[in-house]
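Secondary and tertiary structure notes
For reference, the chains in residue letters:
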Amino acid sequence: QVQLVESGGGLVQAGGSLRLSCAASGSIFSIHRMGWYRQAPGKQRELVATITSSGSITYADSVKGRLTISGDTAKAMVFLEMNSLKPEDTAVYYCNANLRTTILSYAIDYWGKGTLVTVSS
């Protein structure tokens, strides 16, 4: 069993900041990538940012320069520093980890339950 637990969501005014945290635990052999996705009401889930075990980082164009991902896949932790928040950043933010549970298993995606971020105008 693998669990991903997010924390740090909440209500903030436009222009404000929040920091999200995610910790993975359980039967984990190796983590290849961790990241954040979000889903706004009535919209599909979308990529926010990811970080790989080699340190490669990817951002959605809409968050570049405002949101910063950090973390350590070896420690099974990932963070999202969110600055200059806009009302359109309002969404449920999900932690994701692409990992293997044993040396023989394929890497698959695991998801947290999500944390709500609400940005008021």
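Structure: above.
Residues numbered from 1 in each chain as written. Predicted model: local features only at pLDDT ≥ 70, side-chain atom pairs only at ≥ 80, totals over all residues. Heavy atoms only, no water.

Points about the pattern of salt bridges
Condition: We define a salt bridge as a side-chain nitrogen of Lys or Arg found within 4 Å of a carboxyl oxygen belonging to Asp or Glu. Helix numbering and strand numbering both begin at the N terminus, where a helix is a DSSP run of H or I of at least 4 residues and a strand a DSSP run of E of at least 2. We call a residue buried when its accessible area falls under 20% of the maximum for its residue type, exposed when it is over 50%, and partly exposed in between, using a 1.4 Å probe and counting protein chains only.
Across all of its chains, the model carries 6 salt bridges by this definition. As a salt-bridge pair, glutamate 81 and arginine 19 come within 3.1 Å of each other at their nearest N and O atoms. Highlighted residues: glutamate 81 in strand E8 (residues 77-82) and arginine 19 in strand E3 (residues 18-26), separated in sequence by 62 residues. Assessed through its relative accessible area of 41%, arginine 19 is described here as partly exposed. Counted as one network, the salt bridges with shared partners bring together Arg38, Glu46, Arg66 and Asp89.

So, the environment of tryptophan 36
Inspection of the secondary structure assignment puts tryptophan 36 in strand E4 (residues 30-39). Of the residues examined, tryptophan 36 reaches a relative accessible area of 0% and is grouped as buried.

Thoughts on the packing of aromatic side chains
Stated formally: Ring geometry is summarised as follows: Phe, Tyr and Trp rings, the Trp one being its six-membered ring, pair when their centres sit within 6.5 Å, and such pairs are stacked at plane angles under 30 degrees, edge-to-face over 60 and tilted between the two.
Counted under the stated rule, the structure contains 1 aromatic pair. Between the aromatic rings of tyrosine 37 and tryptophan 111, the centroid separation amounts to 5.0 Å while the plane-to-plane angle is 70°, which identifies the pairing as edge-to-face. Placement of tyrosine 37 in strand E4 and of tryptophan 111 in strand E10 (residues 108-111) is noted, with a sequence separation of 74 residues between them. On the basis of relative accessibility, which here comes to 18%, the residue tyrosine 37 falls in the buried class. Accessibility expressed as a relative area gives 37% for tryptophan 111, which makes it partly exposed.

Here we look at the state of the cysteines
Applicable threshold: The term disulfide is used for any two cysteine sulfur atoms that are within 2.5 Å.
In this structure the tally under the stated criterion is 1 disulfide. Here cysteine 22 is linked by a disulfide to cysteine 95, with a sulfur-sulfur distance of 2.0 Å. Between cysteine 22 and cysteine 95, the disulfide has an S-S torsion of -85° and is therefore left-handed. Of the two residues, cysteine 22 sits in strand E3 while cysteine 95 sits in strand E9 (residues 91-100), which places them 73 residues apart along the sequence. Given the relative accessible area of 1%, cysteine 22 is considered buried. Residue cysteine 95 is classed as buried on the basis of its relative accessible area, which comes to 0%.

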